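# Remarks on the overall topology
Here is how the chains run, residue by residue.
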Amino acid sequence: MNIKHTDFSKGSVSSSILKVSVPMIIAELVNLLYSMVDRIYIGHIPGEGSQALTGLGICFPVISLISAFARLFGFNGGAPLASMALGEKNEEEAKKVLYSSFMLSIITGFILTSAVLIFIRPILYAFGASDATYPYARDYLVIYSLGSIPVLVTLTLNAFINSQGFATVGMITVLIGALINIILDPVLIFIFDMGVRGAAIATVFSQTLSALFDFLFLRSRSAVLRITFSGFTLEKKRCLKIIALGTSGFVMGATNSIVQIVCNKCAFIWGGDLYVGVMTILNSVREIFSTPINGLTSGASPVMSFNYGAKEALRVKKASNFALLSTLVLSSAVWLLVVIFPRQLALLFTTEETLLNAAVPALRIYFFGFIFMSFQTAGQQTFVALGKAKPAIFFSLFRKVIIVVPLTIALPYFFGINGVLIAEPVSNVVGGLAAYLTMRHIVFRELSAMGK
């Protein structure tokens, strides 16, 4: 039986967002367990946990880059286009967008796997590896890169499942893989004594199962938009449209990768392997708390896209405002939690006293002003949901490349290793306010004119 997609132009805007975002937040938190469980178990390997965790942290930029391509073809690229097409009652175009995004993710996954396997040694040393941490980073990344195709496919297709209003299905898809990963990790890492290789194998196997589930759902009669191979081809114009809109999300992911590279390198220069390990903990804690914030704005995205396509200007405004207010509440709670319980958060990833003593003050510095990230995510996602690629791309670059990278390099000359940490809160304040205020000026003026 064919299930109709959700009509986001009816009912309460906040209820529509929560209906999509709550399962998405759960799904993203569960999805986060893939890498988070790896880090938790690896950080507690007897005798070598600290070095192994640092080696895994060096792989983060590559993992972030692979995820960035999923944003390019799925969440920020194809999925909003498909939602707008559904709002315009153009179901055929929405199906073509889905097919194109699916094929692009497979092709890109193959290219990324080949590139990592060929250049893995220079990549890891450029990203901050030392002779002590390189073997751990290499063992993990070689196996993880072999799973690039299923990782890209599951992240891309999940965006299309959510954009049709099937957020619960998207959550179940991720849950299946994550639970298997949680079970396999300790078995392969400790019982079979495979260390970081066991963690990577568990992750790739689990992501492959999730990708298969996504694919089967989007081939079934339950989905409105189904993957169909007959009659569809990769058309250059449509692919370029997907890439143009998705570039903002890709830039966000890619610039995250660049920032991680620069932070790891500067942390190694100013603090050695110890502070590369600290950066791994900081990034891990940040991912935990950023996930519900991103989930809320992700839930607002299909609501804004659909109503924008349906010319419902007031509902678009309400969705954008709700995204900001709800994330402000969440980010305030996160900031308070980090200030009060930094040691407990660091203990999730290590019990080594030297690493703990360095991580606790670093957490307080790094998360200062975290509340301003709400302005960045709300402004950025409104631009993306309405198909405004250029300002979305600019503010991705502005916060990360123009603010964070230069400050990360320059500030340590004045503040030592703390300078690496200070760059992040400065970018949160400046970049977040700039993105949101500009969005209000551009988008809300257009919506006001549309509503007349």
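In this report, we go over the structure that sits alongside the text. (Residues numbered from 1 in each chain as written. Predicted model: local features only at pLDDT ≥ 70, side-chain atom pairs only at ≥ 80, totals over all residues. Heavy atoms only, no water.)

On to unusual backbone geometry. In this structure, Lys89 takes a positive phi of about 65° despite not being glycine. For Lys89, the position within the fold is in the loop between α2 (49-87) and α3 (91-126). Notably, Lys311 is not glycine yet its phi reads approximately 65°, a positive angle. As for its placement among the helices and strands, Lys311 is situated in the loop between α8 (236-309) and α9 (313-340). (Helix = DSSP H or I, 4+ residues; strand = E, 2+ residues; numbered from the N terminus.)

Time to look at the packing of α8 against helix α12 (residues 373-385). Where α8 meets α12, the axes come as close as 8 Å, and the angle between the chain directions of the two elements is 50°. One way to sum up the angle between α8 and α12 is to call them oblique. Crossing handedness for the pair α8 and α12: right-handed. Listed contacts from α12 to Leu245, Ser248, Met252, Arg286, Ile293, Asn294, Thr297, Ser301, Met304 and Ser305 of α8 are Met373, Thr377, Ala378, Gln380, Gln381, Thr382, Val384 and Ala385. Looking at the contact of α8 with α12 residue by residue, the classes come out as eight nonpolar, nine polar and one charged. (Axes fitted to C-alpha atoms, helices over the stretch in contact; angles between N-to-C directions. Parallel < 35°, antiparallel > 145°, perpendicular 65-115°, else oblique. Left-handed = near helix turned anticlockwise from the far one by under 90°. Contact = heavy atoms within 4.5 Å. Nonpolar A, V, L, I, M, F, W, Y, C, P; charged D, E, K, R; others polar.)

Residue placement: Asn307 occurs in helix α8. Ignoring any residue separated from it by four or fewer positions in sequence, one finds Asn307 in contact with Phe8, Ser9, Glu312, Arg315 and Val316.

Attention shifts here to the packing of α2 against helix α5 (residues 148-163). Relative to each other, α2 and α5 sit at 25°, their axes nearing to 8 Å. It follows from the interaxial angle that α2 and α5 lie roughly parallel. α2 and α5 meet at a crossing whose hand is right-handed. Here Ile66, Ser67, Phe69, Ala70, Phe73, Gly74, Phe75, Gly78, Ala79, Ala82 and Ser83 of α2 lie close against α5, whose contacting residues are Ser148, Val151, Leu152, Leu155, Thr156, Ala159, Phe160 and Ser163. Grouping the constituent residues of the contact of α2 with α5 by class yields twelve nonpolar, seven polar and no charged.

Opposite charge on two side chains permits them to pair, given that their charged atoms come into close proximity. One pass over the structure, following the stated rule, counts nine salt bridges. Here Glu424 and Arg286 are joined by a salt bridge, their closest N and O atoms 3.0 Å apart. Of this pair, Glu424 sits in helix α15 (residues 418-450) while Arg286 sits in helix α8, placing them 138 residues apart in sequence. By the burial criterion, Glu424 is buried, and Arg286 matches it. When salt bridges with common partners are traced through the structure, they connect Glu93, Glu235 and Arg238 into a single cluster. (Salt bridge = Lys/Arg side-chain N within 4 Å of Asp/Glu carboxyl O. Buried < 20%, exposed > 50% of the residue type's maximum accessible area, 1.4 Å probe, protein only.)

In the structure shown here, the tally under the stated rule is 21 aromatic pairs. Where Tyr99 meets Phe229, the ring centres are 6.2 Å apart and the plane angle is 80°; that geometry is what we call edge-to-face. Of this pair, Tyr99 sits in helix α3 while Phe229 sits in the loop between α7 (195-219) and α8; the two residues are 130 residues apart in sequence, bridging distant segments of the chain. An angle of 15° between the planes, with centres 6.0 Å apart, marks the rings of Tyr140 and Tyr144 as stacked. On the criterion of helical spacing, the pair formed by Tyr140 and Tyr144 is a turn pair, its members being four residues apart in helix α4 (residues 134-146). Side by side, Tyr140 and Tyr144 carry an identical accessibility label, which is buried. An aromatic cluster of three or more residues is present, and its members are Tyr99, Phe102, Phe215 and Phe229. Positioned above the aromatic ring of Tyr134 is the side chain of Arg121, whose terminal nitrogen or guanidinium carbon lies 5.0 Å from the ring centre. (Phe/Tyr/Trp six-rings, centres within 6.5 Å; stacked < 30°, edge-to-face > 60°. Lys NZ or Arg CZ within 6 Å of the ring centre and 35° of its normal.)

Among the surface-exposed residues, Phe268, Ile269, Trp270, Ile409, Tyr413, Phe414 and Phe415 lie close enough to one another that they form a single nonpolar patch of about 810 Å² accessible area. Counting residues per element, the ones that place at least two in the nonpolar patch are α8 and α14 (412-415). As for its placement among the helices and strands, Ile409 is situated in helix α13 (residues 389-410). You can call Ile409 partly exposed: its relative accessible area is 43%. (Patch = residues over 30% accessible without salt bridge, like charges linked within 9 Å, V, L, I, M, F, W, Y side chains within 5 Å. Areas by Shrake-Rupley, 256 points an atom, 1.4 Å probe, with all protein chains shown as cover.)

Don't take any of this as a statement about function, it's just geometry.
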